[in-house]
Structures are given as C-alpha cells and as structure tokens.
Amino acid sequence: MSSNDGKKRVALALGACAFAGTLLYFVVGGIGNNLVYYWGPTEVLAAGPKAQGASIRLGGLVEAGSIKKGEGSNMSFTVTDGKKSLPVRCTSVPPQMFREGIGVVVEGTVARDGVFESHRLMVSHGNEYRAPNDPAAVNLKKLMESTEGLAPSDKK
Amino acid sequence: MTASIGRGLVLLSLLCASGGAVAAFAALSKKRADLTTIAVRAAYGFSLAMFLANLWMVAGLLRNDFSISYVAQVGSISLPTWVKVVSLWSSLEGSILFWGGVLAIYIAVATRSLTDAHGWAKPAAIGSWLVCATFFAFLIAGPAQPFGTVVDVPSDGPGPNPLLQNHVLMAIHPPFLYGGYVGMTIPFGIALAALITGRLSPTLLGTLRTSMLAPWTFLTVAVVLGGWWAYEVLGWGGYWAWDPVENASLLPWLTGTAAVHSAILTERRGVLKGWTLSLVIASFLLTILGTFMTRSGIFNSVHAFSQSEIGPTILAFLATATIASVLLLGIRVDLLKPDHELDRGASRDTAFLAQNLLFVLFTFTVLIGTVFPLIVEAVRKVQMSVGRPYFDRMTIPIGALILFVMGVGPALPWGSSSREELKRRLLPPMGLGFAFLAAALAYGIRTPWTLITLFFAGYTAWVTLFEALRPARTRMKFRTDGFLKALAQDLFGPGRRRMAAYVAHAGAVTAFIAIAVSSTSGRSLEQNLKQGESMTLGRYSLTFEGIEHAEEPNRTSVIARIGVKKDGRDLGALRPMMNQYATRRESIGTPDVRTGLVEDLYLSAMNIDEQTGTVGLLVLINPLVSWLWIATVIMAIGGLLALFSSARVGQAVEATRDLQPEPVR
C-alpha cells in the first residue's frame with residue numbers, strides 16, 4: 001500500500017468519526033429531550049418538581065368515587081397505585097370501558113398546582129388483566145402492556 | 001393424531017434444511033458438483049414439507065380441529081371462513097409457521113433461478129438459505145411448536161384477538177409484511193455467497209438485484225398497509241405513530257432502499273461492492289431484529305422477554321448471524337476490488353452516494369430511537385419510551401434532503417459535466433417547485449418544513465416526469481413515432497428498467513407530499529354529543545342522529561349514526577361503532593372514514609352510552625391521506641416493473657459494458 005493510500009484512509013477514518021460523532025450528539029440530545037416516562041403516582045410524587053413539564057404516561061387504577069364530569073369533555077378523577085394517589089384533569093373523551101376501579105393510562109404532565117393534566121386517556125383491556133381487589137397489587141408494566149394503543153404487539 | 005402429522009412435516013423440513021446446508025457447504029469446500037445437486041434437492045424437500053405443514057394447519061383451522069394446540073388457542077367455530085384462514089398468522093406460533101411457509105416458497109423459487117453460470121456461488125447461496133431455514137424449522141419444531149397435541153379437546157376456542165378480526169386488512173397486511181421480511185433471506189444468502197466465493201460476478205449481481213426487488217416491493221406495500229390498518233382500525237386518527245412495531249417494519253425498508261440504489265452504482269460503475277453487500281446484509285439482520293422486537297414481547301415487558309421461549313432463541317440467531325456476517329465482511333471484502341474509481345463532483349454518482357448516506361442516517365436515527373428504551377430499561381430498570389417529537393424532529397430534515405437528492409440526482413449526468421450543462425439541467429425544475437410552493441401558501445400552509453418539502457416535491461416531480469419521458473420524446477423526434485407508441489417501448493421494451501425507477505420515484509414524491517401535508521395541516525376536535533345535538537369542525541357539521549345495532553356471527557355492534565353536512569350540503573351518514581366480540585370481554589371501536597381525494601373526514605366513537613343516549617366523538621379532517629395509499633400503489637408498480645425487467649434487460653446491459661468476462665468453471 002502506498003503512503004498516499006494510507007493518508008487517504010486516515011482522512012476517511014477521521015471524516016467518518018467526525019460524522020458519527022455529530023450524528024450521535026444530535027441523536028442523543030434529541031432523545032434526551034423527548035423521553036416519555038412510564039410512571040405510577042408514587043414515582044410522579046417522588047420526582048417532585050422534576051415531574052412538572054416532563055412527558056409522563058401515568059398508570060394506575062381510577063379511585064372509587066373520584067370521577068367528576070365537568071364542562072364538555074372535561075373531567076377529573078384520581079389515579080392510585082394503592083400506595084399513593086394523584087389527582088388528574090383530563091380533556092379527552094373517555095373510552096367506552098372507563099369507570100371506577102378500572103386500570104387506566106393517562107398521558108400528559110404535572111401542572112404547577114400538582115394536578116396531572118392529560119390530553120389522552122386510555123383504558124386497559126387486556127385479556128388477562130382484571131382490576132385487582134387489592135390495589136397494592138397494581139403492576140405498572142402489566143397495566144401498560146394491556147392498554148389499547150400502548151400494546152402494539154397486537155399489530156402484526 | 002392430526003397434530004402429529006403436522007409435527008412430522010415440520011421435522012421432515014428441519015431434516016431437509018439441515019442436511020441440505022451440510023451438503024451445500026461440503027460441495028463448496030470439496031468442489032464437488034454432485035453434492036450441489038443433493039443440496040438443491042434438499043432445498044426443494046424443505047420447501048415442500050414446510051409448505052404442506054402450513055396447508056395442514058389451515059386445514060385444521062377450517063375443520064375446527066381443536067386437538068391441535070394452535071387451533072385450540074386461536075380458533076373458534078363461530079368465525080367466518082376468512083378469519084379462520086388468517087388465524088394462521090394471528091398468534092405467535094402460527095406466525096412463525098407462516099414465516100416458514102413463505103420462506104419455503106422463496107427458497108424454492110430462488111433455488112430454481114440459480115444456474116451453472118453462478119459457479120460456486122450456487123451451493124454457497126443455497127447453503128446460506130438453508131442455514132436460515134434450519135433455524136426457523138427448529139423454531140417451529142421446538143420453542144414455537146404450533147402442532148402440540150391437546151389431550152382434553154375443547155368444544156370451542158376463544159378466536160383470535162378481536163383487534164385482528166376487526167378489519168379485512170388483517171388478511172392482507174401480514175402476507176405482504178412476511179413477503180418482505182422473509183424475502184430478505186434470499187439477497188442475504190447471495191451476499192454471503194459473494195463474500196464466501198470472494199467475487200461478485202455480473203450474473204450474481206443481477207440475481208442479487210432481482211432478489212432484493214421482490215422483498216422491497218412487498219415491504220413497501222406492507223409498511224403502508226400497516227399504517228392504513230392503524231388508520232382504519234385503531235381509531236386515533238393517524239397512520240403512523242413511530243411505535244416500535246411500525247419502526248421494525250420501516251428499518252429494513254430503509255436499508256433495502258439504499259441497497260437497491262447502491263446496487264445500481266455497483267452494476268454501472270463496478271464500485272461500492274462491499275458497501276452494497278453490507279446494506280443487503282443489514283436489511284436481513286434488521287428483519288430478524290424486527291422479528292425479535294415484535295415477537296418476544298420485549299416491548300411490553302421484560303418479564304415477557306424472559307418467559308417467552310422464542311425471544312432468546314431469535315436473539316441468539318441474530319447475534320450469530322451478525323457476528324458471522326461482520327467476520328465474513330472483514331475477511332473477504334478486500335477481495336471485492338472496485339473496477340473503477342468513484343467519480344467526484346456534481347455527478348449522478350455523487351447523488352447516489354448522498355442518497356445512500358441519507359438512508360443510512362435515517363436508519364440509524366430510527367434504530368436508536370427504537371432500541372434506546374430497551375437499553376435504558378435493561379441498565380437502569382426504568383420504563384420509558386422515546387417520544388414522537390424526537391422522531392419527527394430528526395427524520396423530517398433527513399426526509400426533505402432525500403426528496404431533494406431524488407430530484408437533483410436524476411437531473412445530473414453520469415460522470416463530470418460542464419457548468420453550463422449543470423445550469424441547463426438543474427435550474428428549470430425549480431419552476432414547478434415554486435408553483436407547488438405558491439399552491440401550498442394559497443392553501444394556507446405555513447409550517448416551514450411542509451413548505452420546504454413541497455418545494456422539493458415540485459422540483460423532483462418535474463425532474464422525474466422529464467427524465468421518465470425523455471427517451472420517448474427523443475424517439476418521437478427522430479423516428480416520428482406517436483407518443484403512445486414511444487411510451488409503450490419504454491414500458492414493454494428494453495427501457496422498462498429505467499422507466500420503473502421513475503415510476504417508483506413518482507410514487508415516492510406523491511408519498512412525500514401526502515405525508516407532509518396530512519401530518520401538519522389536519523384539524524381535530526373531541527366532543528360529547530347527546531342524541532340530536534350537533535357539532536361543527538371546519539366546513540363540516542355533524543349531527544348525532546341515533547343509535548343502531550348490528551349482529552354478526554362473531555360480534556355485536558353498537559353504532560352511532562352521525563349525519564354529515566358540508567357547507568350545508570347533506571353527505572349522508574357515517575357510522576363509527578363499538579364492537580363486542582362473543583369470545584372477549586372488551587369492546588373495540590371501529591372508526592368510520594369518508595375518504596376523499598382532497599381530505600378525509602374521520603369519525604371515531606370513543607364511547608357510546610345507550611342509557612343516556614350520548615356518544616363521545618373524535619373528529620378529524622385529514623388532508624391528502626388517500627394520496628399516500630395511491631402513492632404506494634405507484635411505488636409498488638415501479639418495483640414490479642423493475643423486478644420483471646431485470647432478468648432479460650439486466651443481462652443486455654451487461655453485454656454492452658466493458659466488463660471482464662466471467663471465467664468458466
């Protein structure tokens with residue numbers, strides 16, 4: 001191999017590295033700013049002010065007696081994981097199965113007043129999923145996985 | 001008893017595949033042509049046995065034979081016949097069996113297409129295919145066995161997932177997806193054969209191109225059909241959400257598209273041989289990665305991953321195939337010397353290179369966004385996903401650049417050219433670009449990226465049309481042929497391959513326009529309506545007229561009849577509904593879409609309450625969505641034209657070029 005060839009290779013390698021580096025920088029930065037966290041009320045409360053403005057998928061059960069319908073499609077209720085609970089304001093029209101005690105996933109973020117504001121409400125309706133009698137047994141992962149729109153594995 | 005016949009067929013196919021693979025590689029290492037013949041027979045044997053196993057399963061589903069474990073799992077007496085047939089691929093075990101069936105067809109056809117002109121690449125390719133076939137036959141025979149024997153035969157089964165029964169697309173989408181996914185095995189085997197034998201002959205390159213075009217065409221349709229299915233069934237109003245399953249189908253399409261293009265450069269210029277092979281190999285590996293992601297349950301839960309028996313097996317296969325390919329590339333790629341230097345400067349060669357880099361960049365962006373949550377979950381045990389804004393922000397600029405290159409590339413001549421020549425070729429198409437831009441502004445579009453995309457789309461549309469018709473126009477001038485006769489020569493004569501490329505490009509431009517406009521210029525509204533109440537969105541006024549009911553053997557439906565008026569003109573009623581399946585607890589909504597060339601009116605019932613007589617309605621106006629479906633048909637036609645031109649015409653092109661004749665073995 002001539003020295004000219006060698007120089008070319010080094011230049012090519014350097015160029016490739018610079019290209020890859022820039023790409024990685026943009027990609028990682030882009031991902032970091034656009035993460036959606038899958039949290040239960042306990043995790044949201046533990047995150048404190050960090051949760052404000054972050055994209056969150058909040059999973060849990062709708063607490064009994066907490067559903068209050070408002071103007072238009074506005075609605076509020078409380079989501080619980082058995083240990084902690086979090087008030088939710090929701091602007092989306094609830095799906096057919098929505099009722100007290102059912103597993104839900106709401107997408108949105110925590111507002112300044114500590115209420116979870118959501119624009120998207122999904123109800124868990126997996127074949128195996130039953131709202132457990134003991135709310136402490138809520139399995140966030142099972143819940144997320146049995147929720148329509150979140151379980152793309154249904155799709156071939 | 002019936003289950004054991006199925007098991008026997010699967011075992012027979014496993015035996016043929018593994019034996020054939022051994023024979024093929026023995027033929028290669030000992031240079032014995034008689035062993036190649038045995039490998040060919042074994043390949044046909046695998047295909048036949050695996051195909052029969054699929055037929056046997058379909059027969060079991062049709063006869064409601066619940067003594068077969070898979071039928072007991074997904075079958076049900078009440079199902080319509082078409083649902084019984086498509087149940088073959090509605091659940092994990094059956095879908096892997098179906099994979100084997102598609103692979104059987106591909107391997108049989110591909111084996112037939114190999115001739116003695118392929119030299120020792122023939123046993124090398126057959127051997128590589130049969131190694132893959134062995135793996136899938138093993139998967140079906142072991143971890144994903146669909147032919148288990150049920151001891152206590154149930155009188156009825158649960159039927160497949162209702163989401164899959166909800167639309168006839170479920171019958172069409174998976175075959176196309178599998179046609180794409182599984183078909184990537186064939187070019188992969190040919191790429192390995194080129195590396196193993198250390199040379200990529202023109203004959204082998206032609207086969208590589210053809211074998212790449214078939215799955216590419218299937219995959220193109222499949223990716224969009226998946227989106228169409230989501231649009232027509234899921235009811236959230238869009239067709240693409242960057243969810244992992246969608247990404248899994250897109251990734252091999254991206255590298256496949258890059259490979260189809262770099263193969264042209266390899267064929268014409270004799271350059272980038274290793275790069276083309278790498279792209280082909282990457283396409284195959286991404287199909288396996290996609291299968292792993294969607295079949296192992298990893299995207300729902302890490303638990304499902306460790307419980308699922310086929311996840312680790314597929315992962316092991318993916319790792320083995322990746323390591324083997326990388327090693328082979330590393331050892332052998334230097335043997336594939338370029339025949340020429342790559343042209344630099346403003347030439348079509350450079351545009352091909354840019355196209356390739358952009359597609360690879362696109363692939364990496366989507367790949368990283370898709371697997372990032374998996375890595376984080378594995379390392380930090382935190383569940384998360386990468387949000388849609390990441391994908392939109394990263395891919396929109398790359399997509400716009402791809403569109404730009406698709407316009408500039410074909411406008412540029414091969415090799416270097418003068419400044420005046422460049423001006424003459426590059427400037428006029430801007431006219432249509434500005435026309436598109438003006439139309440978009442008049443329509444009320446203000447999103448910068450949409451405007452940029454539409455400008456590029458106009459530019460590219462001009463170039464595509466101009467280049468597509470150029471040979472015909474030349475002939476009209478010099479031979480005074482009629483326009484149709486001149487055009488027919490391009491479609492049915494030796495110009496077909498060139499025409500095919502521009503047909504595919506025309507489809508792609510249409511798709512770009514449809515995606516850019518529909519994703520940024522739609523409107524939506526969610527509202528609860530009592531019976532008799534109305535709502536308005538844009539020029540539409542919608543009235544909830546009442547609730548209807550429908551009964552089918554496998555489901556009952558509650559339907560909200562919504563009267564639609566546009567500018568006061570009565571357009572009839574749309575009927576979004578909620579379906580209750582006999583065998584399932586939950587009810588599932590089906591949206592109703594009024595499709596139009598300018599815009600779709602999309603109605604989705606979130607809930608229908610019969611006691612209070614209310615419906616929760618999601619209404620969307622989606623502009624130009626139907627053009628995405630039309631664009632896909634055009635692209636697929638382009639793919640088919642290319643596929644059915646390459647065999648004869650590709651060789652004609654070869655004969656005219658100054659290539660070294662292949663040494664006869």
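For the structure, check the block above.
The structure contained in this document is the topic of the report that follows.

Structural notes on helix H1 (residues 2-30) of chain B
Residues spaced three or four apart along an α-helix face the same direction, because each turn holds 3.6 residues. With 29 residues, H1(B) should cover 42 Å at 1.5 Å per step; its first-to-last C-alpha distance of 42 Å lies within 8% of that length. Within two residues after H1(B), B:Lys31 carries a phi angle of roughly 55 degrees, on the positive side.

A closer look at the packing of helix H16 (residues 388-411) of chain B against helix H19 (residues 448-479) of chain B
All names here are of chain B. Interaxial distance between H16 and H19 falls to 8 Å at its minimum, and their mutual angle equals 25 degrees. On the basis of the axis angle, H16 is roughly parallel to H19. Of the two elements, H16 crosses H19, and the hand of that crossing is left-handed. On the side of H16, the interface is formed by Ile396, Ala400, Leu403, Phe404, Met406, Gly407, Pro410 and Ala411, while H19 contributes Trp449, Ile452, Thr453, Phe456, Ala457, Tyr459, Thr460, Val463, Thr464 and Glu467. Among the residues forming the contact of H16 with H19, the class breakdown is 13 nonpolar, four polar and one charged.

Brief notes about the nonpolar core
Among the nonpolar cores identified, the biggest contains 190 residues, and B:Phe46, B:Leu130, B:Ala133, B:Phe136, B:Ala191 and B:Val280 are the most heavily contacted of them. In terms of residue count, helix H10 (residues 202-234) of chain B provides more of this core than any other element does, 19 residues in total. Setting aside residues no more than four positions away along its own chain, B:Phe46 makes contact with B:Ser13, B:Cys16, B:Ala17, B:Gly20, B:Ala104, B:Ile107, B:Leu130 and B:Ala133. In terms of nonpolar packing, the next biggest core, distinct from the first, is built from 24 residues, A:Ile56, A:Met75, A:Phe98 and A:Val105 among them.

Observations regarding the environment of B:Ile608
As for its position among the elements, B:Ile608 is in strand S10 (residues 599-609). For the pair B:Ile608 and B:Tyr44, spaced 564 residues apart in sequence, the C-alpha separation works out to 55 Å. If we ignore the near neighbours within four places in the chain, the residues touching B:Ile608 are A:Gln96, B:Ile547, B:Val558, B:Ala560, B:Met578 and B:Val615.

Some words on unusual backbone geometry
Glycine aside, negative phi is the norm for most residues, and most peptide bonds take the trans geometry. Residues and elements named next belong to chain B. Even without being a glycine, Lys31 presents a positive backbone phi close to 55 degrees. With respect to the helices, strands and loops of the structure, Lys31 is situated in the loop between H1 and helix H2 (33-62). Its 11 C-beta neighbours within 10 Å are what place Lys31 among the exposed residues. One non-glycine residue, Trp242, lies in positive phi territory at about 55 degrees. For Trp242, the position within the fold is in the loop between H10 and helix H11 (244-269).

Rules behind the numbers
- Residues numbered from 1 in each chain as written.
- Chains lettered and ligands numbered in written order.
- Predicted model: local features only at pLDDT ≥ 70, side-chain atom pairs only at ≥ 80, totals over all residues.
- Helix = DSSP H or I, 4+ residues; strand = E, 2+ residues; numbered from the N terminus.
- Expected span 1.5 Å × (residues − 1).
- Axes fitted to C-alpha atoms, helices over the stretch in contact; angles between N-to-C directions.
- Parallel < 35°, antiparallel > 145°, perpendicular 65-115°, else oblique.
- Left-handed = near helix turned anticlockwise from the far one by under 90°.
- Contact = placed C-beta atoms within 7 Å.
- Nonpolar A, V, L, I, M, F, W, Y, C, P; charged D, E, K, R; others polar.
- Core = buried A, V, L, I, M, F, W, Y, C linked by C-beta atoms within 7 Å.
- Buried ≥ 20, exposed ≤ 12 C-beta atoms within 10 Å, placed from the backbone.

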